[in-house]
Amino acid sequence: MIPRGGPGAMNSQSRSTSFSTSVPQIPNQRAARRPSVSSRFSYAVSIAEQGEAQTAQGVAAQHQIEEEIAQIKRYEDFTTIDWVQDAAREQLRRKARRKRNAGLWDAGRFDWRHRIRESYDAAQGWIVVTIIGAAIGLNAAFLNIITEWLSDIKLGHCKTAFYLNENFCCWGEDNGCDDWQKWTGLSPINYFIYILFAILFACTSATLVKSYAPYAAGSGISEIKCIIAGFIMKGFLGFWTLIIKSLALPLAIGSGLSVGKEGPSVHYAVCTGNVISRLFAKYRRNASKTREILSACAAAGVAVAFGSPIGGVLFSLEEMSSYFPLKTMWRSYFCALVATAVLSAMNPFRTGQLVMFQVHYDRSWHFFEILFFILLGICGGLYGAFVMKWNLRVQAFRKKYLTNYAILEATLLAAATAIVCYPNSFLRIEMTESMEILFLECEGAEDYQGLCDKDHRFRNVVSLLLATVLRIFFVIISYGCKVPAGIFVPSMAIGASFGRSVGIIVQALHEANPQSPFFAACLPDVPCITPGTYAFLGAAAALSGIMHITVSVVVIMFELTGALTYILPTMIVVGVTKAVSELFGKGGIADRMIWFSGFPFLDNKEEHNFGVPVSHAMIKDVTSIPTNGMTLQQIEALLAEDNYQGFPIVEDEHSKILVGYIGRTELRYAVDRAKRERTLSPQAKCTFAPPPSSVNASTTGVDITTPLGITPGLARMDSFNTINFAGSSSTPAATSSFSNFINFSRYVDTTPVSAHPRLPLETVMELFRKIGPRVILIEYHGKLMGLVTVKDCLKYQFKVEAMEEVADGHGAEQQQHQQQPQPGVSNDERLWELMQRVAGWVSNKVSLASGGRIRLRDSLDLPREPLIGAGAGMGGGSNSTVRRRDDQILDGTEDEDEDGVELESQDWERYPR
């Protein structure tokens, strides 16, 4: 249920056992012991005994009701999955299948056809994973080929075959060839063509995303984390999202924007898994099995992005999945294996490498270099904290002011990036190509722009440091624009350029002081310092700093190099990065985006110590339904209000003795079905009381409730037969004295998750993480006291953190407020006014130059509807994060936006609470 005016419980009945130490009451006023977890799941195992008492017609009717309700829920958006209910339903299906097979054995009808069908059902999971892995590998290979061609076409073309990129056109050559020709012999014209291609690619990518699949924008990792945890976002993993993501991603990378394809690789991999698995009924009707597939696809996406299958599995375990059993790990391992094998067979670079920046080192390292490795780790942690803080502020500004200008924003960003980056030789080329150059050793490798030339060291260091600073700036303002955009490779490119500059400086210090005791470990006449390894370790530090992941980064970098000798330096760098990052707050950029977007997600990385019971966070003003007394008109009026997504069932409004819980979807379905089957009076009495058999069983502590909340005592009869309140039933042909009564008791969940009001809030949050209910009812000695949802826990958490930040920074904030020259105007508003003036000036010049044929002002004067509180929570401290107000956290009960606008641009304030 959802309390009036407060955050809501989820829109279907919660399934789980009670964790309360109190004793709930039942309708006959006798004390009852609420069933435990084992008793609820033992029912799924022992359903056969109850099934024997049911007629075939009753079983068929029950199955039909379950399927119809499940079909309705599949079309609900922004809802959450009750994992206990889903697991119990799967247990029931398995038991029913085993019972059916046992009946076939007894009848002698279990022939070879049934054996083949059973074998196929058992192997279906591996078959699906194989198909998905192959599809992901093929898609990754084609995207790599297209991306390289689009990146090179901005600089020139191949005279022999226009469809070849520079590497294939000049196969076997180190520094270009005659077959690869620049567009013109004039550098200014080539500069202009470079900018023109960048604008064209970015505009096309943004247009495809905005017009056909708004969910294809961004990285998608934060949303996928919530989806795997049970949050439903209809269309985010759909077919059109997969198509547009695959088409727009190469265009976005080819435009030169400071975004990467490795994050979106996870998104299109998970989309592939979702689309293919939906073709199989086994996964279409079971959320827990779909979760296994999505986790495996996330691993495969990272595997094809970095050529690291084991690293992909560890990434899915460390970052993506909140529930990762051994079975899921094997699925992920196999899916990553198949995807990587297919990518290797496709061999998109014709070098045997899975990714362009794969490299091998044949030198070792020295212990004195650990000091410089620690420096790289410290800089990696500082980089992650700095970029996350300022990128979230840019995201808030984008959400508030630039929502209506998605295409124009992406186009101008691409133009600015091309204008600034073209003069720098390390920014002009695609980021993966630059990492390939920076990772290589100088001996026996291509000398790009004199990178290994001793005479050009100062110039190269300045160029690399300038590239680092500019790339950081463009990553901050580009990540989050409405094109497919990741942050993995941009961060690694930043770390590689900075690390290479450090390596060149260390190499110069050694050559200037070869006899120094500090370099005593270096052998004479042998290269001592390898700058490429510093670039490699800098990339690892930056990736760990922005994502806050450790083990998977070490394994990914090891699989990229294949060098066992550099595992220890990589572990040192990543460990230092992790320690520095933790000083500025927990959670990487994906976790910060979850908080910023307001998704109901409880992160298992955080440890809380609130020291308060759950009664401090629960909703006390709860609208409940009595077991008897309400009319059909009153029930429909209750359903007509969007504030309610579920309702606790109590004995009466005065005693508040908890009987069960019914979801809004189930109640809506029950009312519609009753009205379809017969004509009902608006004053027809409705009952939600369980039958006497259920009451008697409850007093003995035996759980006889089906996993779907359908009362077995009524499973044999149509739930819409008229009944009296004494428990007797009659058919529709019965006497008219019973014609105004409707029984909804079979839809009541008689064993909802419940907790004592004094149960610690931390324990309740663990219940949400571990067993995944939608709502937890709070009861005391059987009396309903309130309810709590994930949103309520997050609201309390944000409230406590906000109070702590106010208490810690009250003096500094007060001083800053006193120094503010214009208290009524924020910096964001000043920046927006400046942008409007500049845009107006540019539009006027363009209009004059074109004789009025080109007018940009119309597109710049579109009406704007800023989001309320979009930038709330921005702090000045380095460890502050931009968060939505606590009343903007999604309930998991919202309806889909009919216009299908971007996720980041939706105004969550319009959704009911």
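This report concerns the structure included in the present document. Nothing here was measured: the structure is a model prediction, and the numbers come from that model.

## What to know about unusual backbone geometry
- Phi is positive for lysine 656, close to 60°, though the residue is something other than glycine.
- Looking at the secondary structure, you find lysine 656 in the loop between strand E5 (646-650) and strand E6 (658-663).
- Non-glycine residue histidine 781 carries a positive phi angle of around 55°.
- Position of histidine 781 relative to the elements: it lies in the loop between strand E10 (776-780) and strand E11 (783-788).

## Focus: the sheet that holds strand E8 (residues 741-743)
- Ordered in space as E4-E7-E8, the three strands form an open sheet in which the pairing is mixed. Two strands lie at the open edges of the sheet, namely strand E4 (630-631) and E8, each paired on one side alone.
- Pairing analysis gives two bridges linking E4 to strand E7 (residues 685-687), with the strands arranged antiparallel. Each bridged residue has a counterpart across the sheet, and for threonine 631 the counterpart in E7 is lysine 685.

## A closer look at the pairing of E5
- By the criterion of burial, E5 is predominantly enclosed, with five of the five residues buried.
- Here E5 shows a buried face lined by Gly646, Pro648 and Val650 and a second buried face lined by Phe647 and Ile649.
- Of the pairings in the sheet, the one linking strand E3 (residues 625-626) to E5 comprises two bridges and is parallel in character. Within the sheet, the bridge partner assigned to isoleucine 625 lies in E5 and is isoleucine 649.

## What about the pairing of E10?
- Most of E10 is tucked away, with four of its five residues classed as buried.
- Sheet topology places strand E9 (residues 754-755) next to E10; two bridges connect them, and they run parallel. Counterpart to alanine 755 in the pairing with E10 is isoleucine 778.
- What joins E9 to E10 is helix H28 (residues 761-770), and the crossover it makes is right-handed.
- Inspection of the sheet shows E10 paired to E11 by five bridges, in the antiparallel sense. Within E11, the residue paired with tyrosine 780 across the bridge is lysine 783.

## Observations concerning a nonpolar patch on the surface
- A surface patch of nonpolar side chains, about 670 Å² in accessible area, is lined by Trp126, Ile310, Leu326, Met329, Trp330, Tyr333 and Leu337.
- Of the residues forming the nonpolar patch, the biggest block, five residues, is contributed by helix H14 (residues 326-346).
- When you line up the elements, tyrosine 333 lands in helix H14.
- For tyrosine 333, a relative accessible area of 36% corresponds to the partly exposed category.

Thresholds, definitions, all that
Residues numbered from 1 in each chain as written. Predicted model: local features only at pLDDT ≥ 70, side-chain atom pairs only at ≥ 80, totals over all residues. Heavy atoms only, no water. Helix = DSSP H or I, 4+ residues; strand = E, 2+ residues; numbered from the N terminus. Pairing = 2+ DSSP bridges. Buried < 20%, exposed > 50% of the residue type's maximum accessible area, 1.4 Å probe, protein only. Right-handed = clockwise from strand over helix to strand, strands pointing away. Patch = residues over 30% accessible without salt bridge, like charges linked within 9 Å, V, L, I, M, F, W, Y side chains within 5 Å. Areas by Shrake-Rupley, 256 points an atom, 1.4 Å probe, with all protein chains shown as cover. Salt bridge = Lys/Arg side-chain N within 4 Å of Asp/Glu carboxyl O.

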